[in-house]
Amino acid sequence: MAFWCQRDSYARELATAVVSCRPAELPAEGSDGGKRVLSGFQVVLEDTLLFPEGGGQPDDRGTINGIPVLRVTRRGAQADHFTQTPLAPGSQVQVLVDWERRFDHMQQHSGQHLITAVADHLFGLKTTSWELGRFRSVIELDGPSVTAEQVAAIEQSVNEKIRERLPVNVRELSLDDPEVEQVRGRGLPDDHAGPIRVITIEGVDSNMCCGTHVRNLSDLQVIKILGTEKGKKNKTNLVFLAGNRVLKWMERSHGTEKALTALLKCGAEDHVEAVKKLQNSTKLLQKNNLNLLRDLAVHTAHSLRSSPDWGGVVALHRKEGDSEFMNIIANEIGSEETILFLTVGDEKGAGLFLLAGPAEAVETLGPRVAEVLEGKGAGKKGRFQGKATKMSRRAEAQALLQGAVNGQSAEE
């Protein structure tokens, strides 16, 4: 059977009755990104206004008697509505749909049908799958590449058809209807029940589909193809927006353009050139900074080597620096008698560390220093280096090293 949402995609509310309500669980994503399981109920209605996911289209959201519906899935000829509040079987209920989400899905899905038909008609590019995403939609085309000229031609053609205000009709055919063989489609699900639903864009395309669609292409407003991406083997992904998503995209793009104009102190037509100049300046500064850092590392190494405190454990911390800075110091010193403990980064936060000295001592002490600094590292041939999360514990690590050196001296 077809649900009410499929018979009238523009309906925003529906009076119906509860058929059954059983305990259920719903896997969900927590606010922290982790997985969790919600306890609730699967509610079946005599008919539903809320579309269950299918045909590449996500499910609707809405309410039943004001109770939020968190998920809608199809099970054979019926739809399961997940709620966290039970509803009594036999009770009369009012179903409301989240219209903004529904209409957005209608625009994207009808837009996909139109692009698919035009890409096939103009260039023989068949659609093998598609995805209606939260921010953009993707059509997988059966071809290793699609040229920029082909993309422009498809976009121009679909928008011409939108301006022609072509009607979009929904029909239901029985499985044994000879016309079924003439309708484009990618097969039916194993548990399909009832008639076959056919979406026809007048003079353009007829396609088997279970989703919700606009009545007229004019409701799509506009389609923007953002470009193509490499897909699976011998496939190309066509990325597009339809309807209100195009307007939102333009609003975001205009906001970004205004912000860049204020930051770069130039008009939008000069943004790219201004950014290129900034990139070149940054690369030059980074190169000069690296040379200065290397010179500083060599100077620091010589200062440490000639210091009256040289010997035993020599420690040095700098807020600015990197792994290369520490390794240059270690290379310049090149001592196998002294333990060199170098750290760079935030004095109380995260950073990098390097331990250099006698190979046997470094191999033993390196993991212990990493543990004290609550970090991880690895080493070989008298070097052990890694990342630390607690630079505030440098003094403890240095005491550990000094204790090991003193203990070894006492044994000798």
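Here we summarise the structure given alongside this text.

Criteria and thresholds
Residues numbered from 1 in each chain as written. Predicted model: local features only at pLDDT ≥ 70, side-chain atom pairs only at ≥ 80, totals over all residues. Heavy atoms only, no water. Pairing = 2+ DSSP bridges. Helix = DSSP H or I, 4+ residues; strand = E, 2+ residues; numbered from the N terminus. Axes fitted to C-alpha atoms, helices over the stretch in contact; angles between N-to-C directions. Contact = heavy atoms within 4.5 Å. Buried < 20%, exposed > 50% of the residue type's maximum accessible area, 1.4 Å probe, protein only. Core = buried A, V, L, I, M, F, W, Y, C linked by side-chain atoms within 4.5 Å. Salt bridge = Lys/Arg side-chain N within 4 Å of Asp/Glu carboxyl O. Disulfide = S-S within 2.5 Å. Phe/Tyr/Trp six-rings, centres within 6.5 Å; stacked < 30°, edge-to-face > 60°. Parallel < 35°, antiparallel > 145°, perpendicular 65-115°, else oblique. Left-handed = near helix turned anticlockwise from the far one by under 90°. Nonpolar A, V, L, I, M, F, W, Y, C, P; charged D, E, K, R; others polar. Expected span 1.5 Å × (residues − 1).

**Looking at the sheet that holds strand β19 (residues 383–388)**
What links the strands of a sheet is backbone hydrogen bonding, and the strands pair in either a parallel or an antiparallel sense.
Okay, so step 1: Taken together, 5 strands build an open sheet; the order of strands is β15-β16-β17-β19-β18 and the sheet is mixed. Edge positions in the sheet fall to β15 (313–318) and β18 (376–380), since each has one partner strand and no second. Direction aside, neighbouring strands of the sheet carry axes that sit 10 degrees apart on average.
Okay, so step 2: Judged from the 6 bridges that link them, strand β16 (residues 339–345) and strand β17 (residues 351–356) form a sheet pairing that is antiparallel. Paired with Phe 341 across the two strands is Leu 355, which belongs to β17.
Okay, so step 3: On the sheet, helix α7 (residues 359–372) packs against β16, β17, β18 and β19 and is oriented at approximately 160 degrees with respect to β17.

**Notes on the sheet that holds strand β11 (residues 196–201)**
Okay, so step 1: Ordered by their spatial adjacency, 3 strands build an open sheet running β10-β11-β12, and the pairing between neighbours is antiparallel. The sheet terminates laterally at β10 (168–173) and β12 (205–208), the two strands that pair on one side only. In this sheet, adjacent strand axes meet at a mean angle of 25 degrees when their direction is disregarded.
Okay, so step 2: In this sheet, β11 lies alongside β10 in antiparallel orientation, the contact comprising 6 bridges.

**Points about the side chain of Gln 42**
Okay, so step 1: Checked against the element boundaries, Gln 42 lands in strand β2 (residues 35–45).
Okay, so step 2: We classify Gln 42 as buried; its relative accessible area is 13%.

**Some thoughts on the nonpolar core**
A general trend in soluble globular proteins is that nonpolar side chains are found buried together.
Okay, so step 1: Ranked by internal contacts, the top residues of the largest apolar core, which has 50 residues, are Leu 114, Ile 115, Leu 217 and Ile 223.
Okay, so step 2: The residues touching Leu 114, leaving out its near neighbours within four places in the chain, are Val 158, Lys 161, Ile 162, Ile 201, Val 204, Leu 217, Leu 220 and Ile 223.
Okay, so step 3: With 18 residues, the next largest nonpolar core counts Val 313, Phe 353, Val 372 and Leu 373 among its residues.

**Considerations on the pattern of salt bridges**
Okay, so step 1: Scanning all chains against the criterion turns up 19 salt bridges.
Okay, so step 2: Taking the shortest distance from any N to any O, the salt bridge between Glu 53 and Arg 71 comes out at 2.7 Å. A residue pair is termed long-range when its members are at least 10 positions apart, and Glu 53 in the loop between β2 and β3 (62–64) and Arg 71 in strand β5 (residues 71–75) qualify at 18 residues.
Okay, so step 3: Of the residues examined, Glu 53 reaches a relative accessible area of 35% and is grouped as partly exposed.
Okay, so step 4: Given a relative accessible area of 27%, Arg 71 falls into the partly exposed group.
Okay, so step 5: A salt bridge links Lys 248 to Glu 100; the nearest nitrogen and oxygen atoms lie 3.4 Å apart. Pair noted here: Lys 248 is in helix α4 (residues 244–264) and Glu 100 is in helix α2 (residues 99–123), with a separation of 148 residues, a long-range link.
Okay, so step 6: One salt-bridge network, in which partners are shared between bridges, spans Glu 53, Asp 59, Arg 61, Arg 71 and Arg 101.

**A few points about the state of the cysteines**
Okay, so step 1: This model, assessed by the stated rule, comprises 0 disulfides.
Okay, so step 2: Cysteine Cys 5 is unpaired, with the sulfur of Cys 210 as its nearest cysteine sulfur at 9.3 Å.

**Observations concerning the packing of aromatic side chains**
Okay, so step 1: By the definition in use, this model includes 3 aromatic pairs.
Okay, so step 2: Where Trp 99 meets Phe 103, the ring centres are 5.5 Å apart and the plane angle is 25 degrees; that geometry is what we call stacked. With Trp 99 and Phe 103 both in helix α2 and 4 residues apart, the pair spans about one turn of that helix.
Okay, so step 3: The class of Trp 99 is buried, set by a relative accessible area of 18%.
Okay, so step 4: Aromatic pair Phe 353 and Phe 384: ring centres 6.1 Å apart, planes at 25 degrees, arrangement stacked.

**Comments concerning unusual backbone geometry**
Okay, so step 1: Phi angles above zero are rare outside glycine, and Arg 165 is one such case at about 55 degrees.
Okay, so step 2: With respect to the helices and strands, the residue Arg 165 is situated in the loop between α3 (148–163) and β10.
Okay, so step 3: Even without being glycine, Lys 265 reaches a positive phi, approximately 60 degrees.
Okay, so step 4: Here Lys 265 is to be found in the loop between α4 and α5 (271–305).
Okay, so step 5: According to the relative accessible area criterion, Lys 265 is exposed, its value standing at 71%.

**Some details on the packing of α4 against α5**
Okay, so step 1: Contact pair α4 / α5: the axes reach a minimum separation of 11 Å and the direction vectors enclose 50 degrees. The angle between α4 and α5 places the two elements in the oblique class. The element α4 and its partner α5 pack so that their crossing is left-handed. Two secondary-structure elements touch here, α4 through Glu 257, Leu 260, Thr 261 and Leu 264 and α5 through His 271, Ala 274, Val 275 and Leu 278.
Okay, so step 2: Along the lines of polarity and charge, the residues of the contact of α4 with α5 split into 5 nonpolar, 2 polar and 1 charged.

**Brief notes about α5**
Side chains of residues three or four places apart in an α-helix project in the same direction, reflecting 3.6 residues per turn.
Okay, so step 1: For α5, built from 35 residues, the straight-helix expectation of 51 Å at 1.5 Å per residue is met to within 8% by its first-to-last C-alpha distance of 50 Å.
Okay, so step 2: Those residues of α5 not exposed but buried are His 271, Ala 274, Leu 293, Ala 297, Thr 300, Ala 301 and Leu 304.
Okay, so step 3: Buried residues along α5 sit against α4, β15, α6 (323–333) and β16.

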